[in-house]
Structure formats: C-alpha cells, structure tokens
Amino acid sequence: MKSEFMNSAEEMKDKLGPALCLAKWQQVSLHLPTGLNNSCYHPPLHAIDPAPLRDNPGALHNTEHKKQQRIMMLNGKKPTECSYCWNIEKHDQLSDRHYRSGEPWAAEYYDVIKHSKGDEDVVPSYVEVNFNNACNLKCSYCSPQFSSSWQQEVDRWGGYPTSTIHNDPSHFVGRNRPIPARADNPYVDAFWAWWPTLYPRLKHFRMTGGEPLMDKNTYKVFDYVLALPNPDLHLNVTSNFSVEEELFEKYLGYVKQLCNTNIEHFMQYVSLDTGNTTQAEYIRSGLCGTRLQNYVHRYLEEVPNRNSLTFIITMNNLSVSGIQTLLTYILNLREHHSSTYQRVWFDTPLLRTPSWQSLQILPEAYADKLEAVADWMKQHMETSDKPFRGFKDYEVQRMRRDIAWMREGTDNVEQKKADFYRFFSEHDRRRGTDFLFAFPEMKAFWEECQRCARS
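On a predicted model such as this, the values are computed, not experimentally measured, just so you know.

Engineer: Break down the overall build of the protein for me, citing the residues and quoting the values.
Structural biologist: Regarding its fold elements, the protein presents 19 helices and 11 strands. The proportion of buried residues among the 455 residues of the protein is 58%. Of all intrachain contacts in the protein linking residues separated by at least 6 positions in sequence, the fraction that spans at least 24 positions is 76%. Of note, the protein has its 52 positive side-chain charges centred 2 Å away from the centre of its 57 negative side-chain charges.

Right under this line is the structure:
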C-alpha cells in the first residue's frame, strides 16, 4: 500500500529537477539565542545580520546568504551546504528535499518559486524556532549553543580531549555564546515584531530548544494561539519529556486547551534514540526513561482530538543496539492509540556531527544488524485492512537510505574511533557513567577504539 506521502515525494522529484528545494523558500529554522539561521536542520547554520531587523524583521528568514542559495538552485546548481540530500540522492534514494517539497505547505508554492528570481523576501509557511538554550539534559551529541547544562559543564571542566577539542569553551564566545534569556536579544525582539505578519501565513510552527517546556516564550505563543486560533495551523513542540512533573502539568494543561480550539493539529515531538532505557539515559544525560514513558502515556491518553506524537530518533552509532526495541514500542503505541487516524509517528534523521558518533565508523556487522531491522519492518507494514498499525513505506525507505549512507563509509576512520574512545572515556569520568555497563554488546568496538586512541 503506497502512501500519499511517498507518492507526493516521487511526483515532486520529477518537478524539482536536479537542484531545486522548496524548503529554501518556505521553511526556516531560527536559532534566536545566537542569531543563526538555516532553511532546515541539514545545512550549516549561518549568521543573521541584525542591522536590517529593526525595519524588516522578515530578514530573520530572508538573509542575503539564503537568497544566493535560492538563485543557485533556480539556475540548476547544487549548493554545497545541502550535501546531506545530494549524498542521499547519489544512492538513488528519495531525500528530504523531495519529501519536504512534496508536502502541502511547500508544494502549493511550486509555481511561484519556479518563476521567481530568488532574491525576493518570502513569508515562510513552516517555521522552527528556539528562543533560548535552557535545557536540563546534556545529550552526548549536543553543544552549549543548544543546552545550558552543557554550557555549565564546559565552563567548569573545559572541552573534551578529542583530536580537536570538543565543545571548547573558547569557541563559545562573542556571537557563538548564546544570549541569556534574561538579557536583551535583538533576534527575539525581531521575531515578536514579525509574528503578527507571520502567524496568519503559517501552516507549521515548531518550537525546539533547548527545552521548550522550560521557556516562557512557549507559553506566550500558546496564549496568542488560544486568543486567536488559526484553523490552518499545525502547532508543534519538541521536548525531551523529562522535565519536572509540575512543569509538565502546566504544559499538558495548555495542550489540552489548544486541542479544544479549531487549530488544524498539535504535534508533540519527543526525542529518543533507542529503546533500551539504560542506553537512552546514557546517550541523553539527564533523561529519565521511566518519566518519559509516563508522559508519553499521559499525553496520548489525556489529550483530546487534533493531536499526535512523533519520536525523533537521531540515528547515531549508539542507537543501533536498541533500535528494534524502540520500534516495537512504537508499534505497540500505534496499536493502542491509532484507530481513525495515525497518532504515533517517528523519523530517523542521520547524525553527522560529531563525526565520532556517526553510523559510518561502525564495523560492517552493525550495518547488517540494521538491514535485519529494515527487513523486520518490511514484514510489519501497514495494510489496507489494518491501517495505522504497521510501518509505512517511507519509514522503511528512510531506514534503508540511512543504511546506504552508513555503508558508504568515511575518511579518517581510525582518528574518529580514537575520538569516540576519548570522548566517552571523559564522559564517564565527568558524569559517573560506565560505557561498557550501558553497552556491553559493543565491547569489541570499544576496545578497537581504545587501541586507536593509544596508537
């Protein structure tokens, strides 16, 4: 049973040609604590010039850098910063360029974009924003730009002793150091100046972090939407679902109110990388697996209609062992909570940095394990007589594209393995953790990384 989502991506693939991506126009990720911007989470972040913002807050999205990338795409040239999708397409796989451009929030603008010059200002229909870096977790692949807990650690202990010092405090100075929530921030000011223009045009608005449940701006957005519900709006929040219960109660109360308005949909994103609780808590330091599962259960049980939940599974080399356990958990949630529509989703984006946590440095046997997972997913597909319960075609396709990228390999593998050992050895020393206790099945790989570090 081919999904509409897959059909739309395949149709858009033919229309886009070799280089065009509608997300470069219609989507933006805004990192307001540092004044940085990208069109989606794949290209590197680039700086927003604060000078035009006073007169034109839409310059948060329409930077000169981005306009140059748009012009390149319209001329059939592939911007280097979009290499994530070009690499996926080398393996004859659908990339996020096809999937995103095929979604309604982007596809309806195809003709306008195709016949544009590329230097026009655009009001996006899909906006992601993090207002500050306040976060209660220190995920192994994160940084002080997105986590105040990481900032506190490196301020105290310094960076990690990898070949290039990881999360070196000397890097997080000037505009690279997040502006504290209590300080004046011209980028946040510009956002709220832009908001009345932006809001009526939005199809998707997603708040990330940091941890949005800890941020006052999240509730300011909620209050605005409750006062003026937008029937076209998909309102989305990404959380670690590990905040204190009092804060979760406040948040859940707001979500219940929002889902009783006429907004189109509320999507709860939950970050979780493996189904093994010990391993999940190791990867995402500060996570409470029991609390997360309790909050997931409460959300799905207590929130009324107009909502769903998506797990964001960042595919890194510590995810492989427990990925099938997590997918089994997701299937069980689908069985219990999806009847008339799909309420439980997941995505498997690839982690590329830090490079020592990439799938590409793992031995071939790990790729074989993921192949077996993909085959298992294929055996548990959604069918027309049992909708919403099994896996979807594009979910299997995305897993296979991750495997294809993994098998492509990478350069400087021994150095990256050495950095893996150096990073997680220091991780264990600072945080009182034990890699081999959490990942006993990775002992041979750990010892190989240790040899690389000592050679």
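Back to the write-up after that little detour.
Engineer: Lay out the pairing of strand E4 (residues 126-130) in plain terms, naming residues and giving numbers.
Structural biologist: Counting buried positions along E4 gives 5 out of 5 residues, so the element sits mostly inside the fold. Relative to E4, strand E1 (residues 27-31) runs parallel, the two sharing 5 bridges. By the bridge assignment, leucine 30 is partnered in E4 with valine 129. With 4 bridges connecting them, E4 and strand E6 (residues 204-207) associate as parallel partners. Opposite valine 129, over in E6, you have methionine 207 as the bridge partner.

Engineer: Could you give an account of the environment of valine 270, with specific residues and numbers?
Structural biologist: Mapping valine 270 onto the fold places it in strand E8 (residues 265-271). Overall, the relative accessible area of 0% leaves valine 270 in the buried class. Separated by 167 residues in the primary sequence, valine 270 and phenylalanine 437 place their C-alpha atoms 25 Å from one another. Those residues within four positions of valine 270 in sequence are excluded, and the remaining contacts are Ser239, Phe241, Leu292, Leu309, Thr310, Phe311 and Ile312.

Engineer: Describe the side chain of glutamate 81, listing the residues and the values that go with them.
Structural biologist: Considering the arrangement of structural elements, one finds glutamate 81 in the loop between helix H3 (64-74) and helix H4 (83-90). For glutamate 81, a relative accessible area of 15% corresponds to the buried category. Among the polar contacts made by the side chain of glutamate 81, one reaches the side chain of lysine 24 at a distance of 2.6 Å. Those residues in contact with glutamate 81 that lie beyond four places of it in its chain are Lys24, His42, Pro43, Pro44, His65 and Gln69.

Engineer: Hey, could you go over the sheet that holds E4 for me, with residue numbers and the actual values?
Structural biologist: Strand order in the open sheet formed by 9 strands is E3-E2-E1-E4-E6-E7-E8-E10-E11, and the pairing between neighbours is mixed. In this open sheet, the two strands that pair with only one neighbour each are strand E3 (46-47) and strand E11 (344-347). With respect to the sheet, helix H13 (residues 289-302) is in contact with E8, strand E10 (307-312) and E11, its orientation differing from that of E10 by roughly 155°.

Engineer: So, helix H9 (residues 186-198): which residues are in play, and what are the values?
Structural biologist: Here H9 is 13 residues long and its end C-alpha atoms lie 17 Å apart, about the 18 Å a rise of 1.5 Å per residue gives. Most pronounced at tryptophan 192, the bend in H9 amounts to some 25°, and the proline proline 196 follows within four residues. Turning to H9, its buried residues number three or more, namely Tyr187, Val188, Ala190, Phe191, Trp192, Trp194, Trp195 and Leu198. Buried residues along H9 sit against E1, E4, E6 and helix H10 (216-227). Where H9 starts, the residue carrying a side-chain oxygen 2.8 Å from the main-chain nitrogen of tyrosine 187 turns out to be asparagine 185.

Engineer: Got a sec to walk through the packing of aromatic side chains? Specific residues and values, please.
Structural biologist: Scanning the model with the defined rule gives 40 aromatic pairs in all. Above the ring of tyrosine 110, the side-chain terminus of lysine 15 is found at 4.3 Å from the ring centroid. Its end group placed over the ring of tyrosine 219, lysine 250 keeps NZ or CZ at 4.1 Å from the ring centre.

Engineer: Just give me the short version of empty space enclosed by the protein, but keep the residues and values in it.
Structural biologist: Regions of empty space are outlined by a rolling probe, equal in size to a water molecule, passed over the atoms. Taken as a whole and assessed by the stated rule, the structure comprises 1 cavity of 30 Å³ or more. Estimates place the volume of the largest cavity at around 120 Å³. Together, 15 residues line the largest cavity, and Cys21, Cys40, Pro43, Cys82 and Cys85 are the ones closest to its centre. When residues of the lining of the largest cavity are traced back to their parent elements, those giving at least two are helix H2 (23-26), H4 and helix H5 (96-102).

Engineer: Please provide a residue-by-residue account of unusual backbone geometry, values included.
Structural biologist: In this model, glycine 209 is joined to glycine 210 through a cis peptide bond whose omega is 5°. Residue placement: glycine 210 occurs in the loop between E6 and H10. Proline 354 follows threonine 353 through a cis peptide bond whose omega is 0°. Its identity as a non-glycine residue notwithstanding, aspartate 92 has a phi of 60°, on the positive side.

Engineer: Account for the pattern of salt bridges, naming residues and giving values.
Structural biologist: What the rule picks out here adds up to 32 salt bridges. Among the ionic pairs, lysine 67 bridges to glutamate 64, the shortest N-O distance being 4.0 Å. Placement of the pair is lysine 67 and glutamate 64 together in helix H3, with a separation of 3 residues, close to one helical turn. Under the relative-accessibility criterion, lysine 67 is labelled buried at 10%. What makes glutamate 64 exposed here is its relative accessible area of 54%. Connected through salt bridges with shared partners, the residues Lys138, Glu153, Glu426, Arg429, Arg430 and Arg431 form a single ionic network.

Engineer: Help me get a handle on H13, residues and values and all.
Structural biologist: Helix length check: H13 (14 residues) gives 20 Å between terminal C-alpha atoms against 20 Å at 1.5 Å per residue, within 8%. All of the buried residues in H13 are Gly289, Leu292, Tyr295, Val296, Arg298, Tyr299 and Leu300. Structurally, H13 contributes buried residues whose contacts are with helix H11 (245-258), E8, helix H12 (277-283), E10, helix H14 (323-337) and E11.

About the thresholds
Residues numbered from 1 in each chain as written. Predicted model: local features only at pLDDT ≥ 70, side-chain atom pairs only at ≥ 80, totals over all residues. Heavy atoms only, no water. Helix = DSSP H or I, 4+ residues; strand = E, 2+ residues; numbered from the N terminus. Buried < 20%, exposed > 50% of the residue type's maximum accessible area, 1.4 Å probe, protein only. Contact = heavy atoms within 4.5 Å. Lys, Arg positive; Asp, Glu negative; His and termini not counted. Charge placed at Lys NZ, Arg CZ, Asp CG, Glu CD. Pairing = 2+ DSSP bridges. Polar contact = N/O pair within 3.5 Å; in protein donor to acceptor, adjacent residues only side chain to side chain. Axes fitted to C-alpha atoms, helices over the stretch in contact; angles between N-to-C directions. Expected span 1.5 Å × (residues − 1). Bend = angle between axes of the 7 residues up to and from the residue. Phe/Tyr/Trp six-rings, centres within 6.5 Å; stacked < 30°, edge-to-face > 60°. Lys NZ or Arg CZ within 6 Å of the ring centre and 35° of its normal. 1 Å grid on protein atoms, 1.4 Å probe; cavity = no way out; pocket = protein on both sides within 12 Å on 5 of 7 lines; lining within 4 Å. Points joined across faces, edges and corners; volume = space filled by probe spheres on them. Salt bridge = Lys/Arg side-chain N within 4 Å of Asp/Glu carboxyl O.

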